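# Descriptive analysis of the structure
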Amino acid sequence: MTSATPSLAPVPSLSAEPSALAEITQETLALTRRLFVQLARRPSTLVAGVLQPLIWLVLFGALFANAPEGLLPGGIRYGRFLGAGVIVFTAFSAALNAGLPVMFDREFGFLNRLLVAPLRSRSSIVFASVLYITSLSLVQSLAIMGTAALLGYGWPGGAGLLLVLVTLLLLVFAVTALSLGLAFALPGHIELIAVIFVANLPLLFASTALAPISFMPPWLGWLAALNPLTFAIEPIRAAYAGSFHLTDVVLVAPYGSLNAATCLAILAGLAAGLFLLIRPMLDRKLT
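The notes below deal with the structure included here. A quick note: this is a predicted structure, and the numbers were derived from the prediction, not measured.

### Quick word on the packing of aromatic side chains
Tallying each qualifying case throughout the model produces three aromatic pairs. Ring centres of phenylalanine 104 and phenylalanine 108 lie 6.2 Å apart, and the angle between their planes is 15 degrees; on these two criteria the pair is classed as stacked. Of the two residues, phenylalanine 104 and phenylalanine 108 both sit in helix α4 (residues 99–108), four residues apart, roughly one turn of that helix. Accessibility expressed as a relative area gives 30% for phenylalanine 104, which makes it partly exposed. Directly above the aromatic system of phenylalanine 81 lies the positively charged group of arginine 237, at a separation of 3.6 Å from the ring centroid.

Right under this line is the structure:
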């Protein structure tokens, strides 16, 4: 009598296929590392990004150091008033340059190599740019915040620091989306640099970075009240002022008063809207 040989069940492979999310994450980190290697080879980009707003902070703070008491709303010192504007301007300037690496990759042909590479998702090219610019913007902004603290302009508390970081992230996401869209829409880096130079200072001066809305003529006050930089500056300024709540009014605009939560919601809506706006173009350019 013969005994039946038991059939052996197939042993599952110990090395499972990596998931799509893991592959996209690996691709994004690899492309982000490449951008940081480029930064390490050209550190002048980081130095200039910190040095320019630092000069603004020191010079303007010294220029208005002897301003009369009570000149600004709430009796705040001009250096502390200016600090929030310079922090936002630093993050804004870094995010506005987000499209330049992509533009140079287009012109030098490296982007074409990426498009024919076996990437799991070409969206990792965009994710890498966003991650790189976000990290760079936060490093530059934290450097400005540390310098402002050394100059005696204060430092936000724990909750205040969290609000500052969230506000900067929302602004950086929005401006990065705009810059990436321009990088694919414009014909070359000369045009992109021209747009950056034209947009940079007017947006700064048409905001509450250097002066409150009450100091401005009506037409400029309206522009400042609609400027996305203002929606980022005022919550950060409130965080530096001390104890506050998201429901506290931080911006008194010609069209009404806005609290910190509303300003953050506007920035979040702007970031989401810009990414949705450029997505069809990115899908066409990256296929």
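So, next bit.
### Considering the environment of phenylalanine 205
Position of phenylalanine 205 relative to the elements: it lies in helix α8 (residues 189–205). The class for phenylalanine 205 is partly exposed, based on a relative accessible area of 44%. Sequence separation of phenylalanine 205 and alanine 224 is 19 residues, and the distance between their C-alpha atoms is 8.3 Å. Setting aside residues no more than four positions away along its own chain, phenylalanine 205 makes contact with Trp56, Leu210 and Leu220.

### Some details on helix α9 (residues 218–226)
For α9, the set of buried residues is Leu220, Gly221, Ala224 and Ala225. For α9, the angular spread of buried residues about the axis comes to 135 degrees, placing them on one side. Exposed residues pointing more than 90 degrees away from the buried face of α9 are listed as Trp219 and Leu226. For α9, the elements touching its buried residues are α8, α10 (228–241) and β1 (249–253).

### Brief notes about the pairing of β1
Here β1 runs beside strand β2 (residues 256–259); their pairing, made up of four bridges, is antiparallel. Bridging from a neighbouring strand, alanine 253 pairs with glycine 256 of β2. Following β1, the chain reverses through two residues before pairing antiparallel with β2.

What counts and what doesn't
Residues numbered from 1 in each chain as written. Predicted model: local features only at pLDDT ≥ 70, side-chain atom pairs only at ≥ 80, totals over all residues. Heavy atoms only, no water. Phe/Tyr/Trp six-rings, centres within 6.5 Å; stacked < 30°, edge-to-face > 60°. Helix = DSSP H or I, 4+ residues; strand = E, 2+ residues; numbered from the N terminus. Buried < 20%, exposed > 50% of the residue type's maximum accessible area, 1.4 Å probe, protein only. Lys NZ or Arg CZ within 6 Å of the ring centre and 35° of its normal. Contact = heavy atoms within 4.5 Å. Arc of directions from axis to C-beta. Pairing = 2+ DSSP bridges.

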